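Given next are the chains, with one letter for each unit.
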Amino acid sequence: MMNIKEIMEYLPHRYPFLLVDRVTEAEKGQFIKGYKNISLNEPFFNGHFPNNPIMPGVLIIEAMAQISGILGFLTVGRKPSDGVVQYLAGSSKARFKRPVVPGDRLSLESRMISGKRGIYKFECRALVDDEVVCVAEILTAEREV
């Protein structure tokens, strides 16, 4: 549904911090699905950990927040070019089930739970090969820049 060029219209992030490669499905105000291909060339693997590369959990949370931000923008019909951003405002109930390593495709799913006055709450999952690696509730806040 959305390639990297289109994703870059909805997210102000750029390499090395853009953590969504593709959006595969989306329904405004409901849900979004996409993925991030995890490569050994990711800069965080240099130090996390040199002989046992594992994607940091905070970046998995960030990837879920980014795809949720896209859903927030799609829902209200706005983009960063309109002078707004979706900030990560909070996360709760985060649980990590297994490590994410080079060669994995990190599938990202987000379902909108609520949205009011620019504050959106999402129920998120990250999966590898249909196995859940992380779940969390994510809050984003839309703000003018």
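Residues numbered from 1 in each chain as written. Predicted model: local features only at pLDDT ≥ 70, side-chain atom pairs only at ≥ 80, totals over all residues. Heavy atoms only, no water.

1. Some remarks on the pairing of strand β2 (residues 31–37)
Successive residues of a regular strand alternate their side chains across the two faces of the sheet.
Part 1 of the reasoning: Both strand β1 (residues 22–27) and β2 contribute to a ladder of five bridges, which runs antiparallel. If you follow Glu 25 over to β2, its bridge partner there is Lys 33.
Part 2 of the reasoning: Adjacent in sequence and paired antiparallel, β1 and β2 are bridged by three residues, among which Gly 29 carries a positive phi angle near 75°.
Part 3 of the reasoning: Here seven bridges tie β2 to strand β4 (residues 105–116), and the two strands are oriented antiparallel to one another. Within the sheet, the bridge partner assigned to Asn 37 lies in β4 and is Arg 105. (Pairing = 2+ DSSP bridges. Helix = DSSP H or I, 4+ residues; strand = E, 2+ residues; numbered from the N terminus.)

2. Observations concerning the packing of aromatic side chains
Part 1 of the reasoning: On inspection of all chains with the given rule, the structure shows one aromatic pair.
Part 2 of the reasoning: Taking the ring centre of Tyr 35 as reference, the NZ or CZ of Arg 105 above it sits at 3.7 Å. (Phe/Tyr/Trp six-rings, centres within 6.5 Å; stacked < 30°, edge-to-face > 60°. Lys NZ or Arg CZ within 6 Å of the ring centre and 35° of its normal.)

3. Digging into helix α2 (residues 57–76)
Part 1 of the reasoning: Over its 20 residues, α2 runs 29 Å from end to end, which matches the ideal 28 Å to within 8%, given 1.5 Å per residue.
Part 2 of the reasoning: Most of α2 is tucked away, with 16 of its 20 residues classed as buried.
Part 3 of the reasoning: Gly 77 sits one or two positions beyond α2 and adopts a positive phi of about 70°. (Expected span 1.5 Å × (residues − 1). Buried < 20%, exposed > 50% of the residue type's maximum accessible area, 1.4 Å probe, protein only.)

4. Focus: the environment of Tyr 10
Part 1 of the reasoning: Relative to the assigned elements, Tyr 10 resides in helix α1 (residues 4–10).
Part 2 of the reasoning: Residue classification places Tyr 10 among the buried positions, given a relative accessible area of 14%.

5. As for the UniProt feature "active site" (unreviewed entry) in the protein
Part 1 of the reasoning: The positions UniProt marks with the feature "active site" (unreviewed entry) are His 48.
Part 2 of the reasoning: If you trace the backbone, His 48 turns up in the loop between β2 and α2.
Part 3 of the reasoning: For His 48, a relative accessible area of 23% gives the class partly exposed.
Part 4 of the reasoning: Not counting chain neighbours up to four residues away, the residues in contact with His 48 comprise Pro 53, Ile 54, Met 55 and Pro 56. (UniProt positions renumbered as here; feature names shortened; annotations may be inferred. Contact = heavy atoms within 4.5 Å.)

6. Notes on the pattern of salt bridges
Part 1 of the reasoning: For the coordinates displayed, the defined rule picks out eleven salt bridges.
Part 2 of the reasoning: For Glu 137, the salt bridge goes to Lys 93, with nearest N and O atoms at 3.5 Å. Placement of Glu 137 in strand β6 (residues 131–144) and of Lys 93 in strand β3 (residues 84–96) is noted, with a sequence separation of 44 residues between them.
Part 3 of the reasoning: By relative accessible area, which is 58% here, Lys 93 ends up exposed.
Part 4 of the reasoning: Among the salt bridges present, the one from Glu 123 reaches Arg 111, with a minimum N-O distance of 2.9 Å. (Salt bridge = Lys/Arg side-chain N within 4 Å of Asp/Glu carboxyl O.)

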